[in-house]
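# Breakdown of the fold
Residues per chain, in single letters:
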There are 2 protein chains.
Amino acid sequence: MLSIGTLAKRTGTKVQTIRYYEQIGLMPEPGRSAGGQRRYGALELDRLAFIRHSRQLGFSLEAIRELQDLSDSPERSCAQVDAVAQKQLHEVEARIARLEALRVELKRMIGECRADRVANCRILEVLRDHEECLSDHDRPGS
Amino acid sequence: MLSIGTLAKRTGTKVQTIRYYEQIGLMPEPGRSAGGQRRYGALELDRLAFIRHSRQLGFSLEAIRELQDLSDSPERSCAQVDAVAQKQLHEVEARIARLEALRVELKRMIGECRADRVANCRILEVLRDHEECLSDHDRPGS
DNA sequence: GCTTGAAGCTACAGTGGCTGTAGGTCGTAT
DNA sequence: ATACGACCTACAGCCACTGTAGCTTCAAGC
Ligand SMILES: [Zn+2]
Ligand SMILES: [Zn+2]
Ligand SMILES: [Zn+2]
Ligand SMILES: [Zn+2]
C-alpha cells in the first residue's frame, strides 16, 4: 500500500495533482488508513501512470476520461480510441502550423530591426500595424 | 468618440475583453458619457490594436505591458524591445520542437494500430507504457 | 417628446490544469 | 513520549479571457 507521497514520487506527479484528479473523478477514491490518509495499490498506480503519460502526449483530461472508459470495454472495436488519437494528432498539427507561421513572422520582424532607437524600431512598427505582416494570424494566443 | 462596442468591432475584440484589459491596467481608463458609458478616441484604438496584434503573435499580456512601456520612451535604444521579441521567438521555437516530438509519437502510435479490439489496441498499449515511446516528453501539456 | 430595443453598465462565476497556502492532524523513528 | 515530516481539508491564485444576471443608458423611429 502506497501513501499519496510515494505514489506521487513513483509517477512524477505532485501530491496536489493526484488529489485534484480524484476531485474531478479521474482517479477513483482510494482506501484510507485508520487515521484517514489515502492508501493506493497497483491498480491506482497504473491508472495514474496512464493519465500522466497521456497528458505528456498532450491529451486533455476530458480525452483521457474517454480513453479510460473505452479501455474498460476490452472486447469492443478500438475505432473510437483511434478516433480520439487522430483528433489529438490533428490538433497538434494545427498548433504546429500556427506556431510555424508565428515563428516566421517573429523572425522576419527581428531580422528587419536595425537595432536603433525605439522611435524607429521595426519590431514595434510591425506590432502597431498588421499590414506589415505577410501571414494572417487571426486568433490571439498560441 | 467611439463606444466600447464600436471599438470592439473595429479591433476584432470582445467587449468584455476590453473591459478586462482596463481592469488589469493594460488599457487606460477612458472618458465617460454623461450617463457613464465608456468613450474612446484614436489613441485608445491604436493602443488596443497594438495589444491585439501582439496577442496574435503570441506575446503574453505581461510582455505586451513591457513593450508598451518601452514604446513610450522613443529615444531609448530598442535593445530591450528586441530582447522581448527574441525571448518570444525562443518560446515559440521550443513549443514547436515539443509539439513536433508529440506529432511523431502520435503518428507512430496511430500507424501501429491494427484497428482491432480495445484489448490489443496499440494506442492504449503505448499510453499505458512510456517504454514503448522513442522520445522523452517529460512535461505534460502542450 | 415618447417608446422601444439594442447596447452599455457592474459584479461575479467559470474555463483548464494545475499550484500554493494556512492551519490543523497523522504516522513513525528514536 | 516526542519530534518532525507527511498528510488532511478548504480555499485562493494563475492566464487570458468568456459568460451570466440584473440593471441603466442611448439612439432611432414615430
Ligand atoms: Zn528594434
Ligand atoms: Zn500581423
Ligand atoms: Zn487501436
Ligand atoms: Zn512516452
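Below is a short write-up of the structure. Model, not experiment: these values are computed from the prediction. (Residues numbered from 1 in each chain as written. Chains lettered and ligands numbered in written order. Predicted model: local features only at pLDDT ≥ 70, side-chain atom pairs only at ≥ 80, totals over all residues. Heavy atoms only, no water.)

## Re the protein's contact with DNA strand C
DNA strand C sits among 20 residues. The nearest are S33 and R55 of chain A together with G5, R19 and R38 of chain B. If you look at DNA strand C and keep only atoms within 4 Å of the protein, 83% of those are sugar or phosphate atoms. In the model, a phosphate oxygen of DNA strand C is placed 2.8 Å from a nitrogen or oxygen of the S33 of chain A side chain. With 4 residues, the single largest contributor to the surface near DNA strand C is helix α2 (residues 15-23) of chain A. The residue inventory of the surface near DNA strand C, partitioned by class, reads 4 nonpolar, 10 polar and 6 charged. (Near = heavy atom within 4 Å. Polar contact = N/O pair within 3.5 Å; in protein donor to acceptor, adjacent residues only side chain to side chain. Helix = DSSP H or I, 4+ residues; strand = E, 2+ residues; numbered from the N terminus. Nonpolar A, V, L, I, M, F, W, Y, C, P; charged D, E, K, R; others polar.)

## Some words on the coordination of the zinc ion (ligand 2)
Donor atoms from the polypeptide that coordinate the zinc ion (ligand 2) comprise H130 of chain A (ND1), C133 of chain A (SG), H137 of chain A (NE2) and H53 of chain B (NE2), at 1.9 to 2.3 Å from the metal. Considering all 4 donor atoms around the zinc ion (ligand 2), the spread of angles at the metal, 101 to 121 degrees, places the coordination shape in the tetrahedral class. The exposure class assigned to H130 of chain A is partly exposed, which follows from its relative accessible area of 29%. (Donors = N, O, S within 2.8 Å, 3.2 Å for Na, K, Ca; no water. Tetrahedral: all angles 85-135°; square planar, octahedral: opposite > 155°, others 65-115°. Buried < 20%, exposed > 50% of the residue type's maximum accessible area, 1.4 Å probe, protein only.)

## Re the environment of D138 of chain A
If you trace the backbone, D138 of chain A turns up in the segment after α6 (122-128). Residue D138 of chain A is classed as partly exposed on the basis of its relative accessible area, which comes to 48%.

## Brief notes about the packing of aromatic side chains
Enumeration over the complete set of coordinates arrives at 2 aromatic pairs over all chains. Relative to Y21 of chain A, the ring of Y20 of chain A lies with its centre 6.1 Å away and its plane at 45 degrees, an arrangement referred to as tilted. (Phe/Tyr/Trp six-rings, centres within 6.5 Å; stacked < 30°, edge-to-face > 60°.)

## Considerations on the coordination of the zinc ion (ligand 4)
Looking at the zinc ion (ligand 4), one finds its protein donor set to be H53 of chain A (NE2), H130 of chain B (ND1), C133 of chain B (SG) and H137 of chain B (NE2), positioned 1.9 to 2.3 Å from the metal centre. Given 4 donor atoms and angles of 102 to 120 degrees at the metal, the environment of the zinc ion (ligand 4) is assigned as tetrahedral. Residue C133 of chain B is classed as buried on the basis of its relative accessible area, which comes to 10%. According to the relative accessible area criterion, H137 of chain B is buried, its value standing at 4%.

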